[in-house]
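# Fold and geometry: a report
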Amino acid sequence: MEKYVSAYLTIMNKYAFHITYFDAFAGSGEIKIGNEDDFKVIEGATQKIVDISSPGSFDIYYS
């Protein structure tokens, strides 16, 4: 997913568009798997999108 979004941003930022990320089904942002003492955190899609550091970025985020 990150590679697709990075390529999309690289292409779209060549034009004078305002680019909006909208995720109507965004969850809490992360998932914790395991018990209280030993768990793994998996980032949700929205957090991965926000963290992309390719040329350009989204102007507005809705999730």
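What this report covers is the structure whose coordinates are included nearby.

What counts and what doesn't
- Residues numbered from 1 in each chain as written.
- Predicted model: local features only at pLDDT ≥ 70, side-chain atom pairs only at ≥ 80, totals over all residues.
- Heavy atoms only, no water.
- Helix = DSSP H or I, 4+ residues; strand = E, 2+ residues; numbered from the N terminus.
- Rg over C-alpha atoms; globule rule 2.2 N^0.38 Å.
- Contact = heavy atoms within 4.5 Å.
- Patch = residues over 30% accessible without salt bridge, like charges linked within 9 Å, V, L, I, M, F, W, Y side chains within 5 Å.
- Areas by Shrake-Rupley, 256 points an atom, 1.4 Å probe, with all protein chains shown as cover.
- Salt bridge = Lys/Arg side-chain N within 4 Å of Asp/Glu carboxyl O.

### Quick look at the overall build of the protein
When you go through the protein residue by residue, the secondary structure sums to 2 helices and 4 strands. Going from N to C terminus, the protein has its helices and strands arranged as α-β-β-β-α-β. A globule of 63 residues ought to have a C-alpha radius of gyration of about 11 Å, yet the protein, at 14 Å, is considerably larger. For the protein, the spread of C-alpha atoms along the principal axes amounts to about 50 × 20 × 15 Å. The contacts of the protein with a sequence gap of at least 6 include a subset with a gap of at least 24, amounting to 59%.

### Here we look at a nonpolar patch on the surface
Taken together, Ile11, Tyr15 and Phe17 make up a surface patch of nonpolar side chains, about 340 Å² in accessible area. Here Ile11 is to be found in helix α1 (residues 2-12).

### Considering the environment of Phe58
Note on placement: Phe58 falls in the loop between α2 (45-50) and β4 (60-62). Here the alpha-carbon distance between Phe58 and Tyr21, two residues 37 residues apart in the chain, equals 6.3 Å. Sequence-distant contacts of Phe58, that is, excluding residues within four places in its chain, are made with Val5, Tyr8, Leu9, Ile19, Thr20, Tyr21 and Ile49.

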